[in-house]
Each structure stands twice: as C-alpha cells, then as structure tokens.
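A structural walkthrough
Take a look at the letters that make up each chain.
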Amino acid sequence: MEDIPVYLLLAILALLLLLSGFFSLSETSMMAVNRYRLRHLAKQGHRGAQLTIRLLQDTDKLLGVILLGNNLLNTVAATLVAVIVSLFFAHSELALLLGSVVVTLAILIFSEITPKVIAAAYPERIALTVSYVLTPLLKLFSPVVWFINLFVQMLLIVLRLKPSQQVAHQLSMEELKTLVLEAGHFIQKKHQSVLANLIDLESVTVDDVMVPRNQIEAIDLEADEAVIKNQLLTCHHTRFPLYRKHFDNVVGIVHARKILNQLKEEKVSVAMLEAVMQKPYFIPSGTPLFSQLQLFQENHRRMGLVVDEYGEWLGLVTLEDILEEVIGEFTTHAPTQSGACKREADGSIIAEGGTLLRDLNRKLGLQLPLHGPKTLNGLILEYFQDIPETGTGLKIDGCRMEVLQTNNQGVKTVRIYPNQPIPQRESE
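Each chain carries its own residue numbering, running from 1 in the direction its sequence is written. Where totals are concerned, whole chains, interfaces and linings use all residues; where local detail is concerned, this predicted model gives features only for residues with pLDDT of at least 70, and gives and counts side-chain atom pairs only at 80 or more. The side-chain values count all of the structure's non-hydrogen atoms but skip hydrogen atoms and water molecules.

A general trend in soluble globular proteins is that nonpolar side chains are found buried together. By nonpolar core we mean a set of buried residues, namely Ala, Val, Leu, Ile, Met, Phe, Trp, Tyr and Cys, connected to one another through side-chain atoms within 4.5 Å. Burial here depends on accessible area, computed with a 1.4 Å probe over protein chains only, as a share of the maximum for the residue type. Under 20% is buried, over 50% is exposed, and the range in between is partly exposed. Core analysis: the largest hydrophobic core is formed by 36 residues, its most contacted members being Met30, Leu62 and Leu134. Among the secondary structure elements, those contributing two or more residues to this core are α1 (6–32), α2 (35–43), α3 (47–56), α4 (59–88), α5 (93–121) and α6 (123–140). Here this core takes 9 residues from α4, the largest share from any one element. Apart from residues no more than four positions distant in its own chain, Met30 is found in contact with Arg35, Thr52, Leu55, Leu56, Leu62, Ala127, Val130, Ser131 and Leu134. Residues Ile349, Leu357, Leu368 and Met401 belong to the second largest nonpolar core, which totals 17 residues. What counts as a helix is a DSSP run of H or I of at least four residues, what counts as a strand is a run of E of at least two, and both are numbered from the N terminus. The criterion used for residue contact is that any of the two residues' heavy atoms lie within 4.5 Å.

Within the fold, Cys399 resides in strand β11 (residues 399–406). Note: C-alpha distance between Cys399 and Tyr417 (18 residues apart in sequence) is 6.9 Å. Those residues in contact with Cys399 that lie beyond four places of it in its chain are Leu366, Leu368, Leu394 and Ile416.

What follows deals with the packing of aromatic side chains. In this description, an aromatic ring pair is defined by two values, namely the gap between the centres and the angle between the planes. Only rings of Phe, Tyr and Trp enter the pairing, Trp through its six-membered ring, and a pair is recorded when the two centres are within 6.5 Å. The plane angle decides the type: under 30 degrees is stacked, over 60 is edge-to-face, the rest tilted. The final tally for this structure, using the stated rule, is 6 aromatic pairs. Both rings, one in Tyr281 and one in Phe296, keep their centres 6.0 Å apart while their planes meet at 50 degrees; by these two values the pair is tilted. With a gap of 15 residues between them, Tyr281 in the loop between α13 (270–276) and β5 (282–284) and Phe296 in helix α14 (residues 289–299) connect regions that are remote in the sequence. Like Phe296, Tyr281 is buried. Seen in terms of ring centroids, Tyr383 and Phe384 are 5.0 Å apart; in terms of plane orientation they differ by 85 degrees. Their pairing is edge-to-face. An aromatic cluster of three or more residues is present, and its members are Tyr243, Phe247 and Trp313.

Moving on, we get to the packing of helix α8 (residues 173–181) against helix α9 (residues 189–200). For the pair α8 and α9, the least separation of the axes is 9 Å and the interaxial angle reads 175 degrees. Classified by the interaxial angle, the pair formed by α8 and α9 is roughly antiparallel. On α9, the residues that touch Met173, Leu176, Lys177, Val180 and Leu181 of α8 are Gln192, Leu195, Ala196, Ile199 and Asp200. Axis lines are fitted to C-alpha atoms, over the contacting stretch for helices. Their N-to-C directions set the angle, which ranges from 0 to 180 degrees. For this classification, under 35 degrees means roughly parallel, over 145 means roughly antiparallel, 65 to 115 means roughly perpendicular, and everything else is oblique.

In this section: α3. Listed as buried for α3 are Gly48, Ala49, Leu51, Thr52, Leu55 and Leu56. Seen end-on, α3 carries its buried residues on one side only, within an arc spanning 160 degrees. Here the buried face of α3 lies against α1, α2, α4 and α6. Arc, as used here, means the arc of the directions from the helix axis to the C-beta atoms.

What follows concerns α9. With 12 residues, α9 extends 17 Å between its outermost C-alpha atoms, agreeing within 8% with the 16 Å of an ideal straight helix rising 1.5 Å per residue. Taken together, the buried positions of α9 are Gln192, Ala196, Asn197, Ile199 and Asp200. Buried residues of α9, seen end-on, are gathered within an arc of 155 degrees and therefore sit on one face of the element. Close packing links the buried residues of α9 with α8 and α15 (319–327). Multiply 1.5 Å by the residue count of a helix minus one, and that product is the helix's expected span.

What follows deals with the pairing of strand β7 (residues 313–318). In terms of burial, β7 is a largely internal element, 5 of the 6 residues being buried. Looking at chain direction, strand β1 (residues 211–212) and β7 are connected through 2 bridges and run antiparallel. Note that in β7 the partner of Val211 across the bridge is Leu316. We call two strands paired when DSSP finds no fewer than two bridges between them. Relative to β7, strand β6 (residues 303–307) runs antiparallel, the two being bridged by 5 bridges. Among the inter-strand pairings, Val306 is bridged to a residue of β7, identified as Gly315. Adjacent in sequence and paired antiparallel, β6 and β7 are bridged by 5 residues, among which Gly311 carries a positive phi angle near 85 degrees.

Function cannot be read off these values alone, since they describe shape.
Printed below as a string of structure tokens:
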C-alpha cells in the first residue's frame, strides 16, 4: 500500500463511496416503487419493469445482494481510510479516531442519506434503471446470497417467524377510495368523484336511496275509472305501482308509455291496466347498491319495491336512483318527494325533514352519522327520543341545527347552520 500514490487511494475511496451509494439508491428505490404502476409498465412491454418485478418476487435474495455489496464496500472504505491515515500519521490513535469520524460522515452523507433521499424522490425512474445492473449481480452472487439467507432462515425459525406465509397486501375498499381521492393530479375532479362513488356502491344499500312509501304515487285499482284516469294524467312519473284496496297489496307495475294511446282515446279501464302491467319486483331490505345494479341488469328491470324481513313494503328504488349515486343528480324530483334544500341569505340551509342524510353530507360537506336513521327527521327524533318543539336547537357531530316546523308525525323543516353558531339557546 505504501507504494500506491495517495491521490490514487483517495480516488479508490471516492469510487467505493459512490458504489456503496449505488446500492443504497437501489435498496430504497426498489422498496418504494409503485407496484401497480410497475405492473402496468410490464404489461406494456417495458423491459426494466419486467426485470424489477422479477427481482421483487424474491425480496430476500434482492436485499441479500444489495446489503452484501453495501456492507462490503463500506468495510473496504473504512479499511482504506485507516491505511491513508497511517501513511500520514504513523500509529497515531488520535489520527485513527479522526479518520473513523471522517469516514463515518462520508459514508452517511455520500453513501447512505443522499442516495436514499434521491431514490425516495424518484423511485420508479431509478428502480427501472438499476434493475439492469442488479439482475446480473444477483445471478453472480447467488451462491453467497443463498449461504447468508440460510442463516437468516434458521434465525427466523428460532424466533418463530414465518414471513413467507404472510398474506400479500391487498387494498381494501376504503384504501382504494383514498387512493382515488388523493390522485388529484392524474384524474379529473368529476372522474374522481364518479370513481369514489362507484367504490361506495358496495357499502351503500337500497335503504339509503329508496323513495319512502308515503311519498310514492300509486294507483288503487278499486277506485273509479275517472279517478284513475285523472291520476294518470297528472302523475309525475313514467312508472308507478298498482294496488288493490290497501297499499300493501301491490299487484303490478305499469309504464305510462303503454297507456298513452288509451288516455288520448279515453279508453282507460282497470282491465286495460291489468293487461299491460308487469309483476312487481321485490328487493330485500339491506341489498347493496352494486348488487342491485347487477340484479336490475340480469332481470331487465328499472324499478323494484323494497321489503323488510316481514314482507312489509318500505319504499321503491329505481335504476336512476342508483345511477345518481354514481354520477350525481341529473333529473328533477317530483313535488311529492321531499328532500329540497334552500340556502338563506345568512348562509344557513332550510331542509325538509325527509331529506336523506347522505344527500346533506354530500351537498353541504357535513359528517352526519349514516349508520342509523336515513333521514334528517329520523336523526333528530333519535337524538331527542321525542318530537321536539318548534325553535329547539341541537348539535350533532359538529353540525348545529334549529327545528323550524313539526307536526304529530315528526319534524317537517330544519334550519342547518354549517360551521355557524345558532342564534338561540340550545336545548339540554
């Protein structure tokens, strides 16, 4: 070593630090690279992505060759620094200590921290490049890596750890939704909303979007034909249920299009309605919207009646109701349906008691609970365990409200103060 010029030793030291930095760069980029993006590039035929996927399929061998190279180079660098120091300061303990501090700082700065920060910032670009180098290195040092991993496996057995039997990480629906919502730079705002709503279809049920039975337009086949005709001429829907005597006895569903000619020629009769009606299609309460969307498609239906476990009719759901959960409202609601919201000059919102909590959360950015009642009226009644008096104030999950109108059945209208205090004393 004494015959080698100092500048050459320093050049070798710098090269060792750079090579060690390469392995640190490789380790961080390989562990931080987006696996889904990697699979997409591999399907497109990207050679670097294909090599990277092969390397990541055997993580213990990949880490083995990276750490082998990294630690070997760092050890050689430390030894070389000791040699250089001994050339200038013969057997000086202070000089050796100073050399150890210098080489530690050099390794941390040039071989560890800086390369890993760069790799964390550009993992995909670096991983795809270094895979061309790591692949032949892994083949070259595979016997050494196998021998080292043999001891690693023995140690894992002693510690009773079985990483090979761990279930591969899979994204849950909530994690997938978070991924979609955080991809704002890559997905348009409207597309982002549609994808998030589509993911929610599995957790939202028909009970959350159905029209309650007290808001449904239906025709009693026992009524006079003049009454039936007038109801058909003034209806707000294209499809409506038919029943006999009482509301629970639904006998069919009729489409207004099939009786338009008869309405024009004044030939409406109960027999004619029975001839063109379809059998009612019933949906069990609690059916997820995604499942119901598939059932509508399989059964060639656009509307179904929601029933509970006792067979009682709770409301109806249409294909349009499910589509609106995905892409937002695109139709106007009939006057018979509640749920209207009106913004006042002071920033407060006047909402009807029958407004769905999901709609309020979506339109106003609130966090009202959805695991219990489905409507604003139901939420307030559950809160008080009684029908509150007009003018009563309350606060639920940070949202302040004031009851404006009530009747014997419940709350009719409510004033909502998004992020505002109620100008009245709250009830206890």
